[in-house]
Amino acid sequence: GRLEKTITLGAPDFNARKEIIAVQIKDVVMDFTSSGYFDAKNKDDVSSFVATESAGMSAVEAIAICREASMECLRELNFEATRKPVLTYEHFKSAIKIMKGKNSG
């Protein structure tokens, strides 16, 4: 028979989540002008914010926040290909709320 080994990894820490998120948003166009209290000036600020808000989540869940933020933006545009999607703080805030809701239920 086969001998299987199971390796369990804990949730990534802040720095690991920040790097994971930075990779996910590297090529994403963002609007930093309407950020409100988010006060992001660059993508590093966005990575830090999402990493903070995703504390205790797995790497896959942190990636899902970035994808959900993109989907929120596309839904806002009604999936029109004529306008380029530009992510804002509100997209990430909504995505985080959705992911936290999935984790609590």
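Scroll up for the structure.
Below or above, wherever it landed, is the structure these notes cover. (Residues numbered from 1 in each chain as written. Predicted model: local features only at pLDDT ≥ 70, side-chain atom pairs only at ≥ 80, totals over all residues. Heavy atoms only, no water.)

So, the environment of Ile20
Here is step 1: Relative to the helices and strands, Ile20 is located in helix α1 (residues 14–25).
Here is step 2: The partly exposed category is assigned to Ile20, whose relative accessible area is 22%.
Here is step 3: In contact with Ile20, other than residues within four places in its own chain, are Pro12, Ala59 and Ile63. (Helix = DSSP H or I, 4+ residues; strand = E, 2+ residues; numbered from the N terminus. Buried < 20%, exposed > 50% of the residue type's maximum accessible area, 1.4 Å probe, protein only. Contact = heavy atoms within 4.5 Å.)

As for the packing of aromatic side chains
Here is step 1: Enumeration according to the criterion identifies one aromatic pair in this entry.
Here is step 2: Measuring from ring centre to ring centre gives 5.6 Å for Phe49 and Tyr89, while their planes differ by 65 degrees; the resulting arrangement is edge-to-face. Of this pair, Phe49 sits in helix α2 (residues 43–53) while Tyr89 sits in helix α4 (residues 89–104); the two residues are 40 residues apart in sequence, bridging distant segments of the chain. For the pair formed by Phe49 and Tyr89, the shared burial category is buried. (Phe/Tyr/Trp six-rings, centres within 6.5 Å; stacked < 30°, edge-to-face > 60°.)

Details of the packing of α1 against helix α3 (residues 59–76)
Here is step 1: The geometry of α1 relative to α3 is characterised by a closest axis approach of 9 Å and an angle of 35 degrees between their N-to-C directions. The handedness of the crossing between α1 and α3 comes out as right-handed. Note on element contacts: α3 touches α1 through Ala59, Ala62, Ile63, Cys66 and Arg67, opposite Ile20, Ile21, Gln24 and Ile25.
Here is step 2: Along the lines of polarity and charge, the residues of the contact of α1 with α3 split into seven nonpolar, one polar and one charged. (Axes fitted to C-alpha atoms, helices over the stretch in contact; angles between N-to-C directions. Left-handed = near helix turned anticlockwise from the far one by under 90°. Nonpolar A, V, L, I, M, F, W, Y, C, P; charged D, E, K, R; others polar.)

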